[in-house]
Amino acid sequence: MRDLAELGVWDDPAIRGALSWYLDVAENRRPAKFRIAATIATQLDPGASSEDALWAELDRLMPAFIARWLAIRAGASLPQPADGPSLLELCRELAYRMLAHCNFCPWNCRVDRMAGTKFGACKLASGSRVSSHFHHTGEELFYRGTQGSGTIFFTSCNMRCAFCQNGDISTDKDNGEATEPRTLATMAWTLRHEGCHNINWVGGEVVIHLHTIVDAIALLGRDFTPTAAERKRARKTKADPFFWFDAAPSAATYEGNFNAPMLWNSNFFMTPESMKILRVLTDVWLPDFKFGPGRCAMMLAKTPWYWETVTRNVALLAEWGEDFSIRHLVMPNHVECCTYPVLEWIAEHMPATPVNVMAQFHPDNFCDPAGAKYRDRYAEIARRPTQTELDDSWRHARELGLKFETATFES
Ligand code: SF4
């Protein structure tokens, strides 16, 4: 069965209400936002304009973009792409301008990653590395569907979670393969042509690779077709090459052009500028909301400004009318300081949002007592959550009236 829409998960009104745009794009009943962006012409030559002028142009074009997106949601047809530069190329140019004084995330390192002589908290220059890409069958049912979520795992991170469940990817910046935008676009193109329901950008953290991802999406929005050499290069990180996936071009196009929902799967530790660019390109968002408002983000992830950054960014999604669901990982000994405040904030600000209150925390990275990297100072989280901690978390979510049961317990 290929049809995502046939799954019973959509019978839950909370899921259908929160993710209807995503489902329409996944089923190719609507064009993805990057295709809409390609129809909004800019009067600027992006490469020849100042960064201030580019931001001003983005602000000028956004109302037209949002109006077109809403009209297409309501059933209007997609206009022809702009002949010259469009909102898509504007976003691409802005991402590269930001890279030259990097402010992708709140570390605001201001290093020139194009020059690559000084490094910020993510330790990256301009290159991006992909650790693996594959049909992910472990995401929430509405994302993994029947054919998997087309997941592309990037290397490195802008946070330092001691318990990182992907520590090999997030803490080793040299993991994986150097990946140019055309190779990245090839990975996305291939996964979608193999039937994946979405393109799932994830890490480590993805915002630190904003320029490469936006560049790849801009290619996909301009009728990109990979060459045989590019497909061979992309296969280096394909983690499921031995499985046979039928090519399903009809599952990958809208009116004959490449189409796929873009899923932004992120720690949400990013700046308003990054959010503005992503608003144009992202069809469905998946914030990972980990820590409460106290010192836990500093103690466990060496990350300042966590609560104010993530709550601001998630609140923007609701204000913008975006499709999204939230993840929260229950951590041992952090139910009262992290789980409860996170759930209470969601209940107060966006009670209809689907939430996955996850049980799969396991001691890993610096809090795994059996690992070489273990540090005693993380002893408090060096175990799995108890059943009581999980039950207390789910009970609190239920008492708050959160829409969490489908995302948390579906199988
Ligand atoms: S992505 Fe964040 S951590 Fe990395 S250089 Fe830019 S601002 Fe610094």
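Structure report, in brief. Per-chain numbering applies: the sequence of each chain, read as written, is numbered from 1 onward. Side-chain atom pairs in this predicted model are given and counted only at pLDDT of 80 or more, local residue features only at pLDDT of at least 70, and totals for whole chains, interfaces and linings cover all residues. Note that water and hydrogens are dropped before the side-chain values are worked out from all heavy atoms of the structure.

### Observations concerning the overall build of the protein chain
Part 1: By the criteria applied, helices consist of DSSP H or I runs no shorter than four residues and strands consist of E runs no shorter than two, each listed in order from the N terminus. On a plain count of helices and strands, the protein chain comes out with 16 helices and 11 strands.
Part 2: Expected size for 411 residues packed as a compact globule is a radius of gyration near 22 Å; at 20 Å, the protein chain falls within 12% of this value.
Part 3: With the principal axes as the frame, the protein chain shows a C-alpha extent of 60 × 50 × 45 Å.
Part 4: Scored against the burial criterion, the 411 residues of the protein chain give a buried share of 60%.
Part 5: Residue contacts are counted whenever heavy atoms from the two residues lie within 4.5 Å of one another. Counting contacts in the protein chain only where the partners sit at least 6 residues apart, residues at least 24 apart contribute 76% of the total.
Part 6: Accessible area for the protein chain stands at about 16,100 Å²; split by element, carbon and sulfur atoms hold 52% of it.
Part 7: Asp and Glu count as negative and Lys and Arg as positive, but His and the ends of the chain are not part of the count. Working definition for charges: the position is that of NZ of Lys, CZ of Arg, CG of Asp or CD of Glu. In the protein chain, 43 side chains carry a positive charge and 50 a negative one; their mean positions are 4 Å apart. In this setup the radius of gyration rests on C-alpha atoms only. A globule is expected at 2.2 Å times the number of residues raised to 0.38. Using a 1.4 Å probe on the protein chains alone, a residue whose accessible area is under 20% of its type maximum counts as buried, one over 50% counts as exposed, and one in between counts as partly exposed. In this description, accessible areas are obtained by the Shrake-Rupley approach with a 1.4 Å probe, and a residue is regarded as covered only by the protein chains that are shown.

### As for helix H4 (residues 51-73)
Part 1: Here the expected span of a helix is defined as 1.5 Å times the quantity of residues minus one. Spanning 23 residues, H4 covers 31 Å between terminal C-alpha atoms, matching the ideal 33 Å at 1.5 Å per step.
Part 2: To obtain the bend at a residue, axes are fitted to the seven residues ending there and to the seven starting there, and the angle between these axes is taken. Helix geometry: H4 is bent most strongly at leucine 61, by close to 35 degrees, with proline proline 63 lying one to four residues after it.
Part 3: Those residues of H4 that fall on the buried side of the exposure criterion are Leu54, Trp55, Glu57, Leu58, Leu61, Met62, Phe65, Ile66, Trp69 and Ile72.
Part 4: Buried residues along H4 sit in contact with helix H2 (20-26), helix H3 (33-37), helix H5 (87-99), helix H11 (272-281) and helix H13 (306-320).
Part 5: Once H4 ends, the next one or two residues include glycine 75, with phi positive near 120 degrees.

### Focus on the side chain of threonine 186
Part 1: Inspection of the secondary structure puts threonine 186 in helix H8 (residues 181-193).
Part 2: Each residue touching threonine 186, except ones within four places of it in the same chain, is listed here: Phe224, Pro226, Glu230, Arg231 and Ala234.

### Quick notes on unusual backbone geometry
Part 1: In the Ramachandran plot, asparagine 108 falls in the positive-phi region, its phi being about 45 degrees despite a non-glycine side chain.
Part 2: Locating asparagine 108 in the fold gives a position in the loop between H5 and strand E1 (129-136).
Part 3: Even without being glycine, glutamate 255 reaches a positive phi, approximately 50 degrees.
Part 4: Along the chain, the position of glutamate 255 falls in the loop between strand E5 (253-254) and strand E6 (257-258).

### Here's the deal with the site of the ligand
Part 1: One heavy atom within 4 Å of a molecule or strand makes the whole residue count as near it. As a matter of local geometry, the ligand sits amid Cys102, Phe104, Cys105, Trp107, Asn108, Cys109, Arg113, Gly120, Ala121, Cys122 and Ile208.
Part 2: Three categories are distinguished: nonpolar for Ala, Val, Leu, Ile, Met, Phe, Trp, Tyr, Cys and Pro, charged for Asp, Glu, Lys and Arg, and polar for the others, with Gly belonging to the last. Partitioning the shell around the ligand into residue classes produces 8 nonpolar, 2 polar and 1 charged.

### A short note on the pairing of strand E11 (residues 355-358)
Part 1: Alternating residues of E11 divide into Val355 and Val357 and Asn356 and Met358, and every residue in both groups is buried.
Part 2: In terms of strand pairing, strand E10 (residues 326-329) meets E11 through 4 bridges, oriented parallel. Across the sheet, residue isoleucine 326 finds its bridge partner in E11, namely valine 355.
Part 3: Handedness is read with the strands pointing away from the viewer; a crossover is right-handed when the path from the first strand over the helix to the second is clockwise. In this fold, the crossover linking E10 to E11 by way of helix H14 (residues 335-349) has right-handed handedness. Two strands form a pair only when DSSP identifies at least two bridges running between them.

### Here's the deal with the pattern of salt bridges
Part 1: By convention in these notes, a salt bridge is any Lys or Arg side-chain nitrogen within 4 Å of a carboxyl oxygen on Asp or Glu. Tallied over the full model, the rule gives 20 salt bridges.
Part 2: Across the salt bridge formed by glutamate 322 and lysine 33, the nearest N and O atoms sit 2.8 Å from each other. Of the two residues, glutamate 322 is situated in the loop between H13 and strand E9 (323-324) and lysine 33 in helix H3; the sequence distance between them amounts to 289 residues. Across the pair, lysine 33 and glutamate 322 agree in class, each one buried.
Part 3: Of the charged contacts in the structure, one is a salt bridge between lysine 276 and aspartate 59, with a shortest N-O distance of 2.8 Å. In this pair, lysine 276 is assigned in helix H11 and aspartate 59 in helix H4, connecting sequence segments 217 residues apart.
Part 4: Given a relative accessible area of 30%, lysine 276 falls into the partly exposed group.
Part 5: In this structure aspartate 59 comes out as partly exposed when scored by relative accessible area, which is 44%.
Part 6: One continuous salt-bridge network, built from bridges that share partners, spans Glu139, Glu140 and Arg327.

### Examining the environment of tryptophan 320
Part 1: Within the element layout of this structure, tryptophan 320 appears in helix H13.
Part 2: Put simply, tryptophan 320 and isoleucine 66 are 254 residues apart on the chain and 9.3 Å apart in space, counted from C-alpha to C-alpha.

### Considerations on the packing of aromatic side chains
Part 1: A pair of aromatic rings is counted whenever rings of Phe, Tyr or Trp (Trp by its six-membered ring) have centres within 6.5 Å, and the orientation is called stacked for planes under 30 degrees apart, edge-to-face for over 60 and tilted otherwise. One pass over the structure, following the stated rule, counts 17 aromatic pairs.
Part 2: Each ring, one from tryptophan 10 and one from tyrosine 22, has its centre 6.3 Å from the other, and the planes form 40 degrees; the classification is tilted. Highlighted residues: tryptophan 10 in the segment before helix H1 (13-18) and tyrosine 22 in helix H2, separated in sequence by 12 residues. Here tryptophan 10 and tyrosine 22 have matching classes, each one buried.
Part 3: Judged by centre distance (5.9 Å) and plane angle (75 degrees), the rings of phenylalanine 289 and tryptophan 345 are edge-to-face. Residue phenylalanine 289 is found in the loop between strand E8 (284-287) and helix H12 (296-301), and its partner tryptophan 345 is found in helix H14; the two are separated by 56 residues along the sequence.
Part 4: Relative accessible area serves as the criterion here: at 10%, tryptophan 345 is assigned to the buried category.
Part 5: A network of ring pairs unites the aromatic residues Trp10, Tyr22, Phe142 and Tyr143 as a single cluster.
Part 6: Over a ring means this: the NZ of a Lys or the CZ of an Arg is within 6 Å of the ring centre and within 35 degrees of the ring normal. For lysine 33, the ring lying beneath its charged end belongs to tryptophan 69, and the centroid distance is 4.5 Å.

These figures come from the coordinates and say nothing about function on their own.
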